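# Observations on chain architecture
The lines below spell out each chain.
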Number of protein chains: 2
Amino acid sequence: MAEAESAQAKGGLLYLNDLEIGRRFVSGPVTLDADAIKAFAGAYDPQPFHMDEEAAKDSLFGGLAASGWHTMALTMRMIVESVPIAGGVIGGGGDIAWPRPTRPGDTLHAESEVVSVTPSRSRPDRGMVLLKTQTLNQKGEVVQVLQAKLVVPRRG
Amino acid sequence: MAEAESAQAKGGLLYLNDLEIGRRFVSGPVTLDADAIKAFAGAYDPQPFHMDEEAAKDSLFGGLAASGWHTMALTMRMIVESVPIAGGVIGGGGDIAWPRPTRPGDTLHAESEVVSVTPSRSRPDRGMVLLKTQTLNQKGEVVQVLQAKLVVPRRG
């Protein structure tokens, strides 16, 4: 743990050896407005409740809501900026849940925590880290929970 | 099944009642180039192997690769365009895996299949559909597997 803290304190990059279960990372904030929600939806999730305030009122969301994949994409950027893993943040997959929608004007941040660290048996130069990232809005409500399986290089 | 086929044949929207296990949906194609890969990465996943050909050579990807979330966002658009669910494609979450990267010039399409249909006990007007969507490239290789839990309204 001392090694890991030292690595981050020096602004260094973290290897598998540096990551212990329970280690946490907190990102800076990002705010999204209705225009950003509509632009993302227009490109990737063109449905009325992500693109039109009036149509959204009659939907399950009861008002304009960001595509869950927009929340996810912004969360990825926050993870990249807050979790300094050597070799980058590279995921083989994971699972995702959206307990509530992201709304216009929300300010989000991401809180990540190492859930497990598993050295590879077949490849001694790397391992798998399960990273749980909660995305919270300005009220402290969780809008997304991501559990991502990351490939992380091992030092030495 | 006859009812469901009839609904789709008429261009109608599908309700929980119309969806049976094994029902399949195939999207049209989408092609992405290096510029699109870099633009998405610049906004949401700013890492060298998604933004710079030279830097990508030395990464785990061995060459420029799309952000997995870019593949996912494009897949969402293909699902929206190919799976005509009443009320829209609304997911509470799911799990995702990327067996191999998406590369510049790849042409993707999405093949979706209904895995399970579960009427809600507490809300008789809706249910949950587990939809498995495989995203394939022009060689027929699977670049992404998504299993999404969709909220689907019940007819009547």
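Everything discussed here concerns the structure shown above.
What comes next concerns the included structure.

Take the interface of chain B and chain A next. Each side of the interface is counted separately: chain B has 28 residues, and chain A has 27 residues. Mapped by element, the contributors of at least two residues to the side of chain B that touches chain A are α5 (68–82) and β3 (91–97) of chain B. It is α5(B) that provides the largest number of residues to the side of chain B that touches chain A, a total of 8 residues. Broken down by class, the residue content of the side of chain B that touches chain A amounts to 16 nonpolar, 9 polar and 3 charged. Sheet topology places strand β3 (residues 91–97) of chain A next to β3(B); 5 bridges connect them, and they run antiparallel.

One copy of the chain maps onto the second through a rotation about an axis and a displacement along it. Least-squares fitting of chain B to chain A yields an RMSD of 0.0 Å, with the superposition described by an axial translation of 0.0 Å and a rotation of 180°. Such values leave the two copies arranged in the relation of a two-fold axis. In terms of C-alpha distance to the rotation axis, chain B has Asp95(B) as its closest residue, with the C-alpha 2.0 Å off the axis. Comparing interface residues between copies, 96% of those in chain B also sit at the interface in chain A, which points to an isologous, same-surface contact.

Between helix α5 (residues 68–82) of chain A and α5(B), the shortest axis-to-axis distance is 11 Å and the interhelical angle comes to 170°. For the element pair α5(A) / α5(B), the angle class is roughly antiparallel. For the pair α5(A) and α5(B), the contacting residues are Trp69(A), Met72(A), Ala73(A) and Met76(A) in the first and Trp69(B), Met72(B), Ala73(B) and Met76(B) in the second.

Moving on to the pairing of strand β6 (residues 142–153) of chain A. The two faces of a sheet get side chains in turn, since along a regular strand they alternate between them. Residues and elements named next belong to chain A. Where β3 and β6 come together, 6 bridges link them in antiparallel fashion. Across the sheet, Ile96 pairs through a bridge with Leu146, a residue of β6. Relative to β6, strand β5 (residues 126–136) runs antiparallel, the two sharing 11 bridges. The partner of Leu130 across the bridge, within β6, is Lys149. The antiparallel pairing of β5 with β6 creates a hairpin that spans 5 residues between the two strands, and Gly140 there sits at a positive phi of about 85°.

Before going further, it helps to spend a moment on α5(A). The end-to-end C-alpha distance of α5(A), which contains 15 residues, comes to 21 Å, matching closely the 21 Å that a straight helix rising 1.5 Å per residue would cover. Counting buried positions along α5(A) yields 13 of 15 residues, so the element is predominantly enclosed.

What counts and how
- Residues numbered from 1 in each chain as written.
- Chains lettered and ligands numbered in written order.
- Predicted model: local features only at pLDDT ≥ 70, side-chain atom pairs only at ≥ 80, totals over all residues.
- Contact = placed C-beta atoms within 7 Å.
- Helix = DSSP H or I, 4+ residues; strand = E, 2+ residues; numbered from the N terminus.
- Nonpolar A, V, L, I, M, F, W, Y, C, P; charged D, E, K, R; others polar.
- Pairing = 2+ DSSP bridges.
- Least-squares fit on C-alpha atoms with pLDDT ≥ 70 in both.
- Axes fitted to C-alpha atoms, helices over the stretch in contact; angles between N-to-C directions.
- Parallel < 35°, antiparallel > 145°, perpendicular 65-115°, else oblique.
- Expected span 1.5 Å × (residues − 1).
- Buried ≥ 20, exposed ≤ 12 C-beta atoms within 10 Å, placed from the backbone.

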